[in-house]
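# Topology and contacts: notes
The residues making up each chain are set out below.
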Amino acid sequence: MPERRMQLSQALEAVGELGPFQFLIFSCLFLVGAFHGARMTSGYFFLYVPDHSCYIPPSPNLTLWSSSENGSSPTTYAAECYVYENNSASRHSLYTGHANEDYDDGDGAGIPCPHGWVYNKSVMTWTAAAEFDLVCDKKMYISHSNTALMLGSLLGSIGFGKLSDRFGRKVCFHTALIMFIAFGIGMPFSSNFYIFVVTYGLSAAASTGLFASSIVTAMEYVLPEHRKIPALLMNVFFPIGEMVMTGIAYGLRDWRWIGLTISAPAALLISYYCIVPESIQWLMLHKKYKKLDEILRKMAKMNGREIPLEAEDEEGFEELLQSNEFQQDAEERVLRRDSFFHLFKHCVLTLRVVITSYNWLVVNLAYFGLVYNSTELGEGLYLNFLLGSILEAPAHLLSLFLVDRIGRKFVHCFYFLLVAIATGISIVVCFEVEGSKWILLLMTMIGKFGAAGLTGTSFLWMTELYPTSVRSTGLGVGAASARVGAILSSYVISFGLHMTPRFGKALPYIVFCATSAVAFVACLFLPETANKMLPCTIEEALHFGRNQDEGEARRADHANYGAIGYRPLNAEA
């Protein structure tokens, strides 16, 4: 009588690896992508700086920033950051009556706004930038806020990643969800800038944990060859969240109400506790066979599949999967022999780590840089953001259609080339073409299309380049590099504001173009992974893409010895 044994991949294939059950899971978890998209790009509206000027208390001989209503020539007038007197010889403050060393020595004697600012409310009635006066000498605080957002996201990916591996995707999801709701609702009530920054960063940490646990759960309910479907489709919902937020922002125009509106509805996701089960991969890894048996039977029923004959008895799947425990333990011991630092013992693999890390950095540098910089393209605050969001979804769908047909490498390099060309044209426009707002807007949208496509293909291609034994660590290194790129993007734009108008406007595009061009060339040296057996160990990764015959031999090993391609420990080398 043959030994009763079944691998999880075989059980998943038997009960339906891509059926109604999976699409129910996807439809629930993909909604998280919309919340994540709204949260991670909310700074576009929260930190928008309206036209502003120093506030001058009403007085018969003073005028406000807008204009003098009686048409008389004022003795004092206000600019963005200084109050000026027409009598430039006077170096005495109207308000203090003594010499002030902070006068501006430009066209006239100026004093930094002594009574605060007045803001134009025609575009946004109120923003966090106006709430906390992040203008003039505090303009760099906007970049600090974006840094807090990305640092929070980085800490969220690390902290919730460990929580997910230790206690399960479901625990991670609902812990992050509670934090997302709490900090998202609490942030609009911040009484000062420092509380705002802390809650802003923590809400990003929760959002990242929520998104990561969702995408991992979705991917672990399908076989490896289908994982690109949830990976790329989850990213489609990111721009959907941006589009919805644009409509909310346009209708409400107050950052506090916008923040509440994109956070409070997430409370509905608490119902997922009864709808979305734990990841079957996590249950298998932690040997929770009874719960795994329940889910597989439910999956077979929803997918219209018959329970396999060998699993028809009461403890069928539980017994069959548990019988593979010895083999799984042996394979895990093989996995543990590899360390991420072992990659740096080989020049080929070291170069691959450098290129993939640089790739993640540049992708997020360009993506978030183009998001933040689009506020400088004119008065169409909402239109600029909406156009960029609309273009993102087709980029991910195009990737889903092409990555298996023409390869990850070709699609990824095409997107990089598109970003480099679009931002290169933008540089020329900034220096040579006057009144070219629409040309610049078009190039920015094309660049954002390419950058959005890169976010999806990076997650797919760059993680496949690492061997199974260190793939999660490689993804973590990539996530850290991505956050560094996102942080740098905000400072690049801020530095441009302190330069001459023309060069300052062109500086972000110069940086995005140069870094994307280098990344394009570097990615040409990486191997293709589409329709190939992925490396499982560092030794296999060393030869991956270099020896086709060895790859075919590994393919035979995979067929003979199991789903992850390892020989048993007692097999001949």
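Because the structure is a prediction, the values reported are computed rather than measured.

Cut-offs and rules
Residues numbered from 1 in each chain as written. Predicted model: local features only at pLDDT ≥ 70, side-chain atom pairs only at ≥ 80, totals over all residues. Heavy atoms only, no water. Helix = DSSP H or I, 4+ residues; strand = E, 2+ residues; numbered from the N terminus. Buried < 20%, exposed > 50% of the residue type's maximum accessible area, 1.4 Å probe, protein only. Contact = heavy atoms within 4.5 Å. Polar contact = N/O pair within 3.5 Å; in protein donor to acceptor, adjacent residues only side chain to side chain. Disulfide = S-S within 2.5 Å. pLDDT = per-residue confidence, 0-100.

### Some details on the overall build of the protein
Regarding its fold elements, the protein presents 22 helices and six strands. The proportion of buried residues among the 573 residues of the protein is 53%. Considering only intrachain contacts with a sequence separation of at least 6, the fraction spanning at least 24 residues in the protein is 78%.

### Let's talk about the environment of R405
Residue position: R405 is located in the loop between α16 (381–402) and α17 (408–432). On the accessibility criterion, R405 (57% relative accessible area) is exposed. Separated by 125 residues in sequence, R405 and A530 have C-alpha atoms that sit 8.4 Å apart. Reaching out from R405, the side chain makes a polar contact with the backbone oxygen of F401 at a distance of 2.6 Å.

### Considerations on the state of the cysteines
Following the criterion strictly, the structure yields two disulfides and no others. Note that C54 is cross-linked by a disulfide to C113, the S-S spacing being 1.7 Å. Given an S-S torsion of about -60°, the disulfide between C54 and C113 has left-handed geometry. With C54 in strand β1 (residues 52–54) and C113 in the loop between β5 (109–112) and β6 (117–119), the pair connects residues that are 59 residues apart, well separated along the chain. Overall, C54 belongs to the buried group, its relative accessible area being 0%. Judged by relative accessible area, which is 12%, C113 ranks as buried. The partner cysteine of C81 in its disulfide is C136, sulfur to sulfur 2.0 Å. Linking C81 and C136, the disulfide has an S-S dihedral of approximately -100° and is accordingly described as left-handed. Of this pair, C81 sits in the loop between β2 (76–78) and β3 (82–85) while C136 sits in the loop between α4 (128–131) and α5 (141–167), and the two are 55 residues apart along the sequence. Here C523 stays free of any disulfide, with the sulfur of C413 as its closest cysteine sulfur at 5.2 Å.

### Comments concerning the confidence of the model for the protein
On average, residues of the protein score 79 in pLDDT, and 78% of them are at 70 or above. Mean pLDDT in the protein bottoms out at strand β4 (residues 104–105), which sits at 42, and peaks at helix α9 (residues 255–261), which reaches 95. Contacts from residues 87–108, a stretch scored under 50 in pLDDT, to residues over four places away or in other chains number 39 contacts. The low-confidence segment residues 549–573, where pLDDT is below 50, has 38 contacts with residues more than four positions distant or belonging to other chains.

### Considerations on the environment of V411
As for its placement among the helices and strands, V411 is situated in helix α17. Along the backbone, V411 and S399 are 12 residues apart, and their C-alpha atoms lie at a distance of 6.9 Å. Not counting the four nearest positions on each side in its chain, V411 is found in contact with S399, L402, V403, I406 and T457.

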